[in-house]
Amino acid sequence: MSAAPAHHPVYTGGHGALLDVAESIAADWAALGVRGSFLARNLDTGEQLGFDADEPAPLASVAKVPFALVVLDRIASGELDPAHPVTVHPGTSSVGPTGLAAFRHPATVAVGDLLLLMLSVSDNAAADALFGLVPAAEADARLRAWGCAGIRIRHRMNHLYECAAGAAGNDFSLALELAVRDERTGRHTIETLDPTHANAGSAAALVGLLERVWRDGIATPAATAELRRLMGLQVFTHRLASELRADTLRWSGKTGTFLHLRHEIGVVEAESGDRVAMAALTRADRRAALAADIDLAIGAAGREAFEVLRG
């Protein structure tokens, strides 16, 4: 079994200080056995820094952000009623540890509240209930019509677990081992870890999407405003937001976690007016379901990027 060739990041940085931070983040991640991509952009000055920002990656639950924008746009256009009730049955809903995915009994929830659950606690069952109303192919086509060519929506959330089970049965630890092994060899035993088959996107495409959402430059203002509000309600603060928590800062984001993937995208806004969009997409080279050091390194990257990019 041959190992993947040595990787040399492609850096983004307009001047010395920005490039220095990008190189420092990449070195910190590599020291932890982490591959991936990072991009941070000041939404007002356009200055940015990062590395491998155009490399496509499977998105896990980060895909819920572009998908939510499509659903919200349908609501804003009157095609979908946010009060429409949807019944979710545990026996047929998606796997997941939070929200309706963890329920043991049927629950009926309005479309607007399914969006809240999907983005605030990353509820896979809520997401797949919405996929039942707005199929993946339709969401993907809408994103491409909006010019989001670097983001692909191809499947429901439960397909992640179906593909892992197809490769490893019900042994999640074996699925994690396969994911790490394949990362080293460049192959994909689990289909939804292959960017050509998965819900996928690059750091550059995701930061571009966030910029358009924060500038009301995509879909409709009602949809983008609601997406910003819902992303501001995310309860998870252990990655990019971990070192950006202060009374003078507001973080709006979305994590994504699956096997060896640990992602987050979002925007930090300061009372001073600074706004920085970020995307951190990582793949760990270890068989660990929990890796606090990687989460902390992602948080340090967010802080370092914000400090050097703020005006």
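Check the entry above for the structure.
Everything in this summary refers to the structure shown in the same document. (Residues numbered from 1 in each chain as written. Predicted model: local features only at pLDDT ≥ 70, side-chain atom pairs only at ≥ 80, totals over all residues. Heavy atoms only, no water.)

### Considerations on the packing of helix α6 (residues 158-168) against helix α7 (residues 172-185)
Their axes nearest at 9 Å, the elements α6 and α7 cross at an angle of 90 degrees. It follows from the interaxial angle that α6 and α7 lie roughly perpendicular. Between α6, through Y161, A164, A167 and A168, and α7, the contact on the second element is made entirely by F172, L174, A175 and L178. Its residues placed into classes, the contact of α6 with α7 shows eight nonpolar, no polar and no charged. (Axes fitted to C-alpha atoms, helices over the stretch in contact; angles between N-to-C directions. Helix = DSSP H or I, 4+ residues; strand = E, 2+ residues; numbered from the N terminus. Parallel < 35°, antiparallel > 145°, perpendicular 65-115°, else oblique. Contact = heavy atoms within 4.5 Å. Nonpolar A, V, L, I, M, F, W, Y, C, P; charged D, E, K, R; others polar.)

### Structural notes on the packing of aromatic side chains
This model, assessed by the stated rule, comprises seven aromatic pairs. On the basis of an interplanar angle of 80 degrees and a centroid distance of 5.3 Å, the ring pair of W29 and F51 is categorised as edge-to-face. Within this pair, whereas W29 is found in helix α1 (residues 16-31), its partner F51 is found in strand β3 (residues 48-51), the two being separated by 22 residues in sequence. For F51, a relative accessible area of 3% translates into the label buried. Plain terms: the ring middles of Y161 and F258 are 5.4 Å apart, the flat faces sit at 85 degrees to each other, and that makes the pair edge-to-face. Of this pair, Y161 sits in helix α6 while F258 is found in strand β9 (residues 249-258), placing the two residues 97 residues apart along the sequence. F258 sits in the buried class, given a relative accessible area of 2%. Feature note: the residues Y11, W29, F38 and F51 constitute an aromatic cluster, connected by ring pairs. (Phe/Tyr/Trp six-rings, centres within 6.5 Å; stacked < 30°, edge-to-face > 60°. Buried < 20%, exposed > 50% of the residue type's maximum accessible area, 1.4 Å probe, protein only.)

### Notes on the sheet that holds β3
The sheet built from six strands is open, its strands ordered β1-β3-β2-β11-β10-β9 with antiparallel pairing. The sheet is open, and its two edges are formed by β1 (11-13) and β9, each paired on a single side. On average, each strand axis in the sheet is inclined to that of its neighbour by 10 degrees, with strand direction left out of account. Where strand β2 (residues 34-42) and β3 come together, four bridges link them in antiparallel fashion. Considered in β3, the bridge of R41 is made with Q48. (Pairing = 2+ DSSP bridges.)

### Describing the side chain of E304
Residue position: E304 is located in helix α10 (residues 292-309). For E304, a relative accessible area of 19% puts it in the buried group. If near-sequence neighbours (up to four positions away) are discounted, E304 is found in contact with V21, S24, I25 and D28.

### Re the pairing of strand β11 (residues 275-284)
In terms of burial, β11 is a largely internal element, ten of the ten residues being buried. Alternating positions in β11 separate into two faces, R275, A277, A279, L281 and R283 on one and V276, M278, A280, T282 and A284 on the other, with burial throughout. Sheet topology note: the β2/β11 ladder contains nine bridges and is antiparallel. Across the sheet, residue V34 finds its bridge partner in β11, namely A284.

### Considerations on the packing of helix α3 (residues 111-120) against helix α4 (residues 124-131)
Remark: α3 packs on α4, axes separated minimally by 8 Å, with the N-to-C direction vectors making an angle of 135 degrees. Judged by the angle between their axes, α3 and α4 are oblique. Between α3 and α4 the crossing geometry is left-handed. Taking contact as the criterion, the partners of V111, L114, L115, L117 and M118 in α3 are, on α4, A126, A127, A129 and L130. In terms of residue class, the contact of α3 with α4 is made up of nine nonpolar, no polar and no charged. (Left-handed = near helix turned anticlockwise from the far one by under 90°.)

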